[in-house]
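Overview (structure and organization)
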Amino acid sequence: MSQPLLETRDLQIQFGGVVAASGVNLDVIEGETLAIIGPNGAGKTTFLNLCTGYIKPSAGRVTFRGADITARSPRAITRLGIARAFQIPQLFAEHTVLENLLLAAAVRDRVWNPFRRLATLPARGEMLALLDLVGAGDLADQPVEVLPEGRRKLVDIAIALALKPRLLLLDEPTSGVASAEKFQIMDILANALARERVTAVFVEHDMEVVRRYASRVAVWNTGKITHSGPPDEVLSDPDVRRDVIGL
Amino acid sequence: MTWQLAFLATLDGLAYAALVFMVAVGLTLIFGVLRILNVAHGSFYAIGAYLAASLGIAIAAGGLSPWLTFPALILAAVLVGTILGTLIERALLRYVYLKEDVLQLLVTFAVFMILEDVQRLVWGVNPYFEAVPLRLLGNISLGGIFYTNYQILVLPAVALLILVGLRLFLRTTLAGKLITAVTEDREMATAIGVDTGRVYLITFVIGATLAALGGALASPTTSLVPGMGADMIVLSFAVVATAGLGQVEGAALAALLIGLGRSFAVYLMPELEVLVPYLVMALVLLVRPEGLFGVAQRRRI
Amino acid sequence: MAGRLNAQALLAVAAVVLIAAAPLMAQWVKVLLTIALAKGLAVLGIMILLRAGQVSFGHAMFYAASAYAGAFVGRWTGGGELFVLIGAGLAVSLALGLAIGVFVVRYRYIFFAMLNLAFSMVLFSILEKFFHVTGGSDGMRIARPTVLGMELERAPFEYVMFYLTLGLVVGLAWGVRRYLASPLGQALAAVKSNETRLEYLGMSARHALLVGYVLSAGLAGLGGVLASITQGLATPEIAYWVRSGEFVFIAILGGAGTVAGAFAGAVVYEGVRSYAAAYFADIWQMVLGAVLLAIILFAPGGLVGLAERLTGRRLRGGSADPAVAADQARVGER
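As a convention, each chain's residues are numbered from 1 in the sequence order in which they are written. All chains are assigned letters beginning with A, and all ligands numbers beginning with 1, in the order in which they are written. Per-residue local features are limited, in this predicted model, to residues with pLDDT of at least 70; the limit for side-chain atom pairs, both in listing and counting, is 80 or more; totals at the level of whole chains, interfaces and linings are taken over all residues. With hydrogens and water set aside, each side-chain value is computed from the structure's full complement of heavy atoms.

Before going further, it helps to spend a moment on the overall build of chain B. By the criteria applied, helices consist of DSSP H or I runs no shorter than four residues and strands consist of E runs no shorter than two, each listed in order from the N terminus. The helix and strand tally for chain B stands at 12 helices and 2 strands. When the helices and strands of chain B are read in sequence order from the N terminus, they spell out α-α-α-α-α-β-β-α-α-α-α-α-α-α. All radius of gyration figures rest on C-alpha atoms, and the globule criterion is 2.2 Å times the number of residues raised to 0.38. Relative to its length of 301 residues, chain B is compact, with a C-alpha radius of gyration of 19 Å against a globular reference of 19 Å. If you line up chain B on its principal axes, its C-alpha atoms span 60 × 45 × 35 Å. Exposure classes here rest on a 1.4 Å probe applied to the protein chains alone. A residue is buried below 20% of its type maximum, exposed above 50%, and partly exposed in between. When each of the 301 residues of chain B is scored for burial, the buried share is 53%. Contacts between residues were defined by any pair of non-hydrogen atoms, one from each residue, lying within 4.5 Å. When contacts within chain B are restricted to residue pairs at least 6 apart in sequence, those whose partners lie at least 24 apart make up 76%. Taking the average place of the 16 positive charges on the side chains of chain B and the average place of its 16 negative ones, the gap between the two points comes to 8 Å. The charge count includes Lys and Arg as positive and Asp and Glu as negative, but it does not include His or the ends of the chains. Taken as the charge centre is NZ of Lys, CZ of Arg, CG of Asp or CD of Glu, depending on the residue.

With that settled, the discussion passes to the overall build of chain C. Helix and strand counts for chain C stand at 15 helices and 2 strands. A compact globule built from 334 residues should have a C-alpha radius of gyration of about 20 Å, and chain C, at 20 Å, falls within 12% of that. Considered along the principal axes of its C-alpha atoms, chain C spans approximately 60 × 50 × 40 Å. Per-residue burial over chain C gives 62% buried out of 334 residues. If you take every contact in chain C between residues at least 6 apart in sequence, the share linking residues at least 24 apart comes to 79%. Counting every atom, chain C has about 12600 Å² of accessible surface; 69% of that belongs to carbon and sulfur. Computed over 24 positive and 16 negative side-chain charges, the inter-centroid distance for chain C is 8 Å. A 1.4 Å probe and the Shrake-Rupley method give the accessible areas. Residues count as covered only by the protein chains that appear here.

Residue and element names in this part refer to chain A. Following the sequence through the fold, G23 ends up in strand β2 (residues 18–28). When its relative accessible area of 13% is taken as the criterion, G23 is described as buried. When the C-alpha atoms of G23 and A59 are compared, they prove to be 8.4 Å apart, with 36 residues separating the residues in sequence. Apart from residues no more than four positions distant in its own chain, G23 is found in contact with D10, L11, Q12, G223 and K224.

On to the sheet that holds strand β8 (residues 199–203) of chain A. Residue and element names in this part refer to chain A. Taken in spatial order, the 6 strands make up an open sheet running β6-β7-β8-β3-β9-β10, and their pairing is mixed. The open sheet has two edge strands with one neighbour each: β6 (82–85) and β10 (224–229). Direction aside, neighbouring strands of the sheet carry axes that sit 20° apart on average. The sheet contact formed by strand β7 (residues 167–171) and β8 spans 5 bridges and is parallel. Within β8, the residue paired with L167 across the bridge is T199. Strand pairing requires that DSSP identify at least two bridges connecting the strands. Helix axes use the C-alpha atoms of the stretch in contact, all axes being lines fitted to C-alpha atoms, and the angles between their N-to-C directions lie in the range 0 to 180 degrees.

Below, the discussion takes up the pattern of salt bridges. Side-chain pairs of opposite charge can arise whenever the charged atoms involved come near each other. Counted as salt bridges are all cases of a side-chain nitrogen of Lys or Arg within 4 Å of a carboxyl oxygen of Asp or Glu. Scanning the model with the defined rule gives 32 salt bridges over all chains in all. R90 of chain B is the partner of E89 of chain B in a salt bridge, and the nearest nitrogen-oxygen pair spans 3.0 Å. Under the relative-accessibility criterion, E89 of chain B is labelled buried at 0%. Judged by its relative accessible area of 30%, R90 of chain B falls in the partly exposed class. Between K39 of chain C and E246 of chain C there is a salt bridge; the shortest N-O distance is 2.8 Å. Linking K39 of chain C in helix α2 (residues 29–51) with E246 of chain C in helix α11 (residues 241–254), this pair joins segments that are 207 residues apart in sequence. The two residues K39 of chain C and E246 of chain C agree in class, both being buried. Three or more residues are tied together by salt bridges with common partners; here these are K39, E237, R243, E246, E270 and R273 of chain C.

What follows concerns the side chain of K153 of chain A. All names here are of chain A. Relative to the assigned elements, K153 resides in helix α5 (residues 149–162). Nearest to the buried, unbridged K153 among oppositely charged side chains is E149, at 5.4 Å. At a separation of 2.9 Å, a polar atom in the side chain of K153 contacts the main-chain carbonyl oxygen of Q87. Among all residues touching K153, those that are not within four sequence positions of it are F86, Q87, P89, D171, E172, P173, S175, V177 and I185. N or O atoms closer than or at 3.5 Å make up a polar contact, with two conditions inside protein: a donor-capable atom paired with an acceptor-capable one, and, for residues adjacent in sequence, both atoms drawn from side chains.

Each residue gets a pLDDT score, which is the predictor's confidence in that residue and runs from 0 to 100. On average, chain B scores 88 in pLDDT, and the residues at 70 or more come to 98%. Helix α3 (residues 69–91) of chain B holds the highest mean pLDDT among the elements of chain B, 94, whereas strand β1 (residues 139–142) of chain B holds the lowest, 79.

Listed as interface residues are 43 residues of chain C and, on the opposing side, 41 residues of chain B. Each of two parts loses accessible area, computed with a 1.4 Å probe, when they are put together; buried area is these two losses added. Contact between chain C and chain B buries roughly 3800 Å² in total, counting both sides, with carbon and sulfur atoms accounting for 82%. The largest contributions to the chain C side of the interface with chain B come from I110, M114 and W241 of chain C, which together make up 16% of the buried area. Between K192 of chain C and E100 of chain B there is a salt bridge, and its shortest N-O distance comes to 3.5 Å. Here chain C is connected to chain B by 6 residue pairs in polar contact (both at pLDDT 80 or more). Those elements that place two or more of their residues in the side of chain C that touches chain B are α5 (109–129), α8 (183–193), α11 and α13 (284–298) of chain C.

A general trend in soluble globular proteins is that nonpolar side chains are found buried together. Buried residues of nine kinds, namely Ala, Val, Leu, Ile, Met, Phe, Trp, Tyr and Cys, make up a nonpolar core once their side-chain atoms join them within 4.5 Å. Counting 277 residues, the largest nonpolar core has F57 and W241 of chain C as its most contacted members. Top element by residues in this core is helix α1 (residues 3–34) of chain B. It accounts for 16 residues. Excluding its chain neighbours within four sequence positions, the residues that come into contact with F57 of chain C are V39, L105, L106 and F109 of chain B together with A113, M114, N116, L117, S120, S244 and V248 of chain C. F47, L48, F64 and V203 of chain A belong to the second largest nonpolar core, which has 27 residues in total.

Residues and elements named next belong to chain A. Positionally, K44 belongs in helix α1 (residues 44–51). Although buried, K44 forms no salt bridge, and the nearest oppositely charged side chain, E172, lies 4.7 Å from it. At 3.2 Å, the side chain of K44 forms a polar contact with the backbone oxygen of P39. Apart from residues lying up to four places away in sequence, K44 is in contact with I36, I37, G38, P39, E172, V203 and W220.

What follows is about the sheet that holds strand β4 (residues 59–64) of chain A. By definition, the strands of a sheet pair up through backbone hydrogen bonds, in either a parallel or an antiparallel sense. All names here are of chain A. Ordered in space as β2-β1-β4-β5, the 4 strands form an open sheet in which the pairing is antiparallel. Each having just a single partner strand, β2 and β5 (67–68) make up the two edges of the open sheet. Inspection of the sheet shows β4 paired to β5 by 2 bridges, in the antiparallel sense. Looking at β5, one finds that F64 is bridged to A67. On the sheet, α1 packs against β1 (6–15), β2 and β4 and is oriented at approximately 120° with respect to β1.

It is worth spelling out the interface of chain C and chain A at this point. Listed as interface residues are 31 residues of chain C and, on the opposing side, 35 residues of chain A. Approximately 3000 Å² of surface area, both sides summed, lies buried where chain C meets chain A, with 59% of it carried by carbon and sulfur atoms. The largest per-residue losses of area from chain C upon contact with chain A belong to R197, Y200 and L201 of chain C, which jointly make up 29% of the total buried on that side. Counting across the chain C and chain A interface gives 3 salt bridges. There are 15 residue pairs in polar contact (both at pLDDT 80 or more) connecting chain C and chain A. Of all the elements in the fold, those that place two or more residues in the side of chain C that touches chain A are α7 (154–181), α8, α9 (195–199) and α15 (322–333) of chain C. Here the residues of the side of chain C that touches chain A sort into 15 nonpolar, 11 polar and 5 charged. Throughout, the ten residues Ala, Val, Leu, Ile, Met, Phe, Trp, Tyr, Cys and Pro are labelled nonpolar, Asp, Glu, Lys and Arg are labelled charged, and all others, Gly among them, are labelled polar.

Another point: the pairing of strand β2 (residues 145–148) of chain B. All names here are of chain B. Taken together, the 4 bridges between β1 and β2 define a ladder with antiparallel strand orientation. Across the sheet, N139 pairs through a bridge with T148, a residue of β2. Hairpin connection from β1 to β2: 2 residues lie between these consecutive antiparallel strands, with G143 at a positive phi of about 55°.

Residue and element names in this part refer to chain A. Strand direction decides the pairing type here: strand β9 (residues 216–221) and β10, joined by 5 bridges, are antiparallel. Its bridge partner being in β10, V217 is matched across the sheet by G229. Here β9 hands over to β10 after 2 residues, with T222 in that stretch at a positive phi of 45°.

Now the structure itself:
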């Protein structure tokens, strides 16, 4: 078997006595779309924070493509090829949608010439195409401040995709979005992932979304990965149905 | 450095730290509740000092008992704190609570500019020196060194009183508990129906009074000159930043650290005197950007 | 969009021509305008930091450090050469900007503002206390330097300083506009709105701010050395917080965040000051403070915003990029 894209070994972290992760071992295989499910407040976002260096584990190790990234900053980890989309969209509020993406492209391509206009970067066409791909082509010149939550989520995901990552981490891509819009966002996302051949991990609480879009499901409970496998198998496990889905 | 000089420097440092603490604790209290760094805080200190000196001169001119200068110090502080504090909070600050951080900072800076000239207009540019309370209490001989009772006893005692009093006030009284609640979680406090407008006003008046008290108590020990407010706001910010924003007990410790550091520098390396507070602050912030007792705040993602 | 941009460019050219011609009509304004434009450079530096949502209460330290560097070089070289003095001033302010910048870009908002103030207070007291080196509160005289080897009389020298300053202002205003429209400049607004996302793009917010900070220090320094050579004097007063406050004041007066506003603000400010300060000498700070409050509360766009309202045109808009803003303004008009 080939080496996993991302590996975590025995990750541990506590917040003021509360154990959020107690020995997490998870491999992410190149090409898969892995969903992480678990009860509310179980620390799923903490897991993404640990993988991207936003917080440091008290013990354990994170490896990306064979390199230890445990002590690296979010900035360094992003440069290695891990991009992240957020539960609360993290946008540049003073910029338009297109400018948000262009900033990402400029950082990706390291365009630091102070006489090069952001608005006319070579990547402009590529970013407009990306906006079309996520179905937000008509929003290019809108200030992000005025967008509804569903659109903001899409822009947030598009920024992550603009970085052309090897691995994309998504934190509740459908939370805070009207249920009719959920599948629309996920269809767009699945389409983009396939087109760009990006491996993805997404934290999700909607089981229907998980069943439809994940190629594998991992269950996070009491600070550990308790189950992992194909969606149908994991979601029909009686323990999982009781603890996570609440049936 | 002989032990006598070291002793002298320690006493100097204590007296100085006591004054700086009074100003800094007001600054940190206001910041904790209003989330505004009040640049005009230095002006409260300076105006408190000038008013105390003027009252002292008036008492002497009126032929009244010189002992009245002590209550006059308190009176000066309360007058400045309540009148100026209420005026600025009600007429100005409450209109900018929702504005950008930078603009809030600029508003208090504008008030500071205005008050600087107010001092000049009222008290002129010539130094004031009014040391009646200092002389009344006489000197004390400690190990062969003479020291004023005012500086060695009164100032540290008042600072200690404020520290303990503030702690009791914040923990036991209703107003104090409300202030603590707003400091810790503004949204939650508003949600459970705390009248934040009143809490803001009370806090601002208390903070302003503490700054003015620092000035009033400092007035017998130093000559009052234009620009003293600017020096004090930077110095008290250094204390507050070293301690961590909003930390009352921390401010006391940081004031001691900076006060002692400065007074030892006066005896050992006089050229460095002005630099010491900033060196202390810079060193602390390099290691702990949120200050000695501050808590790092992060964006929720 | 092209029409809108041309209108802006036309306005800028007209303003430059007007200023360039002013001394030909009234000789006495050339020193006044030189000082105003030099201060405008420092204000431009403040404006760059405002883009990142940060305000410095200590930028006079770069203005003063550069002026003193020029004064020292002039003293050591017996009068010296104008461009050497300016180069020395610029180099010192850039180096100081880098040294202090590395420290202060770790902090934001009040910490950023007050740490800058603290550093400038330190410089001020050094300049005052070490009087055997710096001349104390009397400051240092700067003898009129040669210009490319030529010794000039006072009047021609003042013309040289005026047109040199104007030329630098035009070039730097253009350069700063380009920088602000570039990814590096746009990253400043990103520092203001969302540092976390910037880090998650793979960019250091501190680096973006440091570039802006060093640039702003250089601009303030250039302004300081130009003004001091013109006046023939460097005093500690120019490092005092009052001067830093003046820069911030002018930036807000002109219209926070616009290049044109920095210079419009500086020229209006110096003009008013040269007349009014005589009548309001005792309450000048008070007047400034009151006007500052009035602008923040009632006219947040400053002079540029006021001009927009009067002409019914939008010179800037929602976007941080002027060209895009002009575009949006057009959409809004439809």
